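Structural characterization, general
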Amino acid sequence: MKRVAKGCRGYRNYRRKIQILEIAVGAVMIIGQLIARNFTDNQAAKNILTVLAILMVLPVANVASPFLAAIRCCAPGDGFYQAVSPYENRCLMLYELIVTSKEQIIPIDAAAIHPTGIYLCCTGTGAKFDRAKAETFLKGMFSAHSLTGHIKIFSDTDSFKRRLKSLKAAEADDRDRLELEAALLKQLSM
């Protein structure tokens, strides 16, 4: 399986496969330890195997919880990438990020990081998604890291493409700040 970096196309599917593998291996180890417990008559060995199985539950749960939180976040189709990719020369683009706040999950299909602001396309959001709360959360995270910027979330692809079309190409002077903003978005993403 080829490694896909965070922020690149195909990251959600890659991460999902890795998480499924980690959960399966952990579950097999837990079940194996509990089964091995039945093949020994030594009470100390039974206790050790039981404790090992119990201790294995926490790492498996740490992998399973983000997996379950992001299971509804599907990767956008090829048509989305074909529509957005012509604008990659105007701004710094990140794809398939999932940012979580205390209140909601923010599935970012594409993030256009430009000197005029950060424009996010979140098409796979449900009825419970509150765009204003998500924008407030992200603005707070950026201001906490001394990065100021206008953040706008688009829930449909057409309005996102119209915004990308209106952007002018970013200048080389702004590249460092754009890289910092991209790094922060990657850090916030699971």
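Computed from a predicted model, the values in this text were never measured in an experiment. (Residues numbered from 1 in each chain as written. Predicted model: local features only at pLDDT ≥ 70, side-chain atom pairs only at ≥ 80, totals over all residues. Heavy atoms only, no water.)

**Remarks on the overall build of the protein**
Rules: Going along the chain from the N terminus, every DSSP run of H or I of four or more residues is numbered as a helix, and every run of E of two or more is numbered as a strand. As a reference, a globule follows 2.2 Å times the number of residues to the power 0.38, and the radius of gyration itself is taken over C-alpha atoms. Exposure classes here rest on a 1.4 Å probe applied to the protein chains alone. A residue is buried below 20% of its type maximum, exposed above 50%, and partly exposed in between.
Helix and strand counts for the protein stand at six helices and four strands. For the protein, the succession of helices and strands along the chain, N to C, is α-α-α-β-β-β-α-β-α-α. Computed over C-alpha atoms, the radius of gyration of the protein comes to 21 Å, more than 25% over the 16 Å expected from 2.2 N^0.38 for 190 residues, which places it beyond the range of a compact globule. Along the three orthogonal principal directions, the C-alpha set of the protein runs to about 75 × 35 × 35 Å. Within the span of the protein, comprising 190 residues, buried residues form 37% of the whole.

**Details of a nonpolar patch on the surface**
Formally: In this scheme, patches are assembled from residues that exceed 30% relative accessible area and form no salt bridge. Like charges are connected within 9 Å, while nonpolar side chains (Val, Leu, Ile, Met, Phe, Trp, Tyr) are connected within 5 Å. Note on areas: Shrake-Rupley with a 1.4 Å probe; residue coverage comes only from the protein chains shown. Salt bridges, as used here, are contacts in which a Lys or Arg side-chain nitrogen is within 4 Å of a carboxyl oxygen on Asp or Glu.
On the surface, a nonpolar cluster with roughly 370 Å² of combined accessible area is contributed by Ile 48, Val 51, Leu 52 and Leu 55. Inspection of the secondary structure assignment puts Val 51 in helix 2 (residues 43-70). Given the relative accessible area of 46%, Val 51 is considered partly exposed.

**Regarding the pairing of strand 1 (residues 92-100)**
Filter applied, for reference: When DSSP finds two or more bridges between two strands, those strands count as paired.
Of all the nine residues making up strand 1, eight are buried; the element is thus mostly covered by neighbouring parts of the structure. Pairing between strand 1 and strand 2 (residues 105-114): eight bridges, direction antiparallel. Bridge pairing links Thr 100 to Ile 105 in strand 2. Hairpin geometry of strand 1 and strand 2 is characterised by an intervening segment of four residues between the two adjacent antiparallel strands.

**Here's the deal with the packing of aromatic side chains**
For the record, the criterion: By convention, a stacked pair of Phe, Tyr or Trp rings (six-membered ring in the case of Trp) has centres within 6.5 Å and planes under 30 degrees apart, an edge-to-face pair has planes over 60 apart, and any other such pair is tilted.
One pass over the structure, following the stated rule, counts four aromatic pairs. On the basis of an interplanar angle of 75° and a centroid distance of 5.7 Å, the ring pair of Phe 80 and Tyr 81 is categorised as edge-to-face. Look at Tyr 81 and you get buried, because its relative accessible area is 5%. In this structure an aromatic cluster arises from ring pairing among Phe 80, Tyr 81 and Tyr 95.

**Looking at helix 4 (residues 131-144)**
This is how the line gets drawn: Here the expected span of a helix is defined as 1.5 Å times the quantity of residues minus one. This arc is taken over the directions from the axis of the helix to the C-beta atoms.
With 14 residues, helix 4 extends 20 Å between its outermost C-alpha atoms, agreeing within 8% with the 20 Å of an ideal straight helix rising 1.5 Å per residue. Buried residues of helix 4: Ala 134, Glu 135, Leu 138 and Phe 142, and no others. Axial view of helix 4: buried residues confined to an arc of 95°, hence all on one face. Away from its buried face, by an angle of more than 90 degrees, helix 4 presents the exposed residues Thr 136 and Ala 144. One or two residues past the end of helix 4 sits Ser 146, with phi positive at roughly 60°.

**With respect to the pattern of salt bridges**
The full count for this structure, using the stated rule, is three salt bridges. Taking the shortest distance from any N to any O, the salt bridge between Asp 78 and Arg 9 comes out at 2.2 Å. With Asp 78 in helix 3 (residues 78-84) and Arg 9 in the segment before helix 1 (11-37), this pair connects stretches of sequence that are 69 residues apart. When the shortest N-O distance is used, the salt bridge between Lys 161 and Asp 158 registers 3.9 Å. Here Lys 161 and its partner Asp 158 are both found in helix 5 (residues 157-166), three residues apart, which amounts to about one turn of the helix.

**Comments concerning the confidence of the model for the protein**
Detailed reading of predicted coordinates is not advised where the pLDDT is low. Note the cut-off: Scored from 0 to 100, pLDDT records how confident the predictor is in each individual residue.
Considering every residue of the protein, the mean pLDDT works out to 84; 97% of them sit at 70 or more. The secondary structure element of the protein with the lowest average pLDDT is helix 6 (residues 175-188), at 83, and the one with the highest is helix 1, at 90.

**Some points on unusual backbone geometry**
Positive phi, close to 55°, is recorded for Glu 96, a residue that is not glycine. Tracing the sequence through the fold places Glu 96 in strand 1. What makes Glu 96 buried here is its relative accessible area of 2%.

**Considering helix 1**
Definition in use: It only takes one pair of heavy atoms within 4.5 Å for two residues to be counted as in contact.
Relative to the 39 Å expected for 27 residues at 1.5 Å per residue, helix 1 spans 39 Å between its end C-alpha atoms, a close match to the ideal helical length. Looking only at helix 1, the buried set comprises Tyr 11, Arg 12, Tyr 14, Arg 16, Ile 18, Gln 19, Gly 26, Ile 30 and Gln 33. On its buried face, helix 1 is in contact with helix 2, strand 1 and strand 2.

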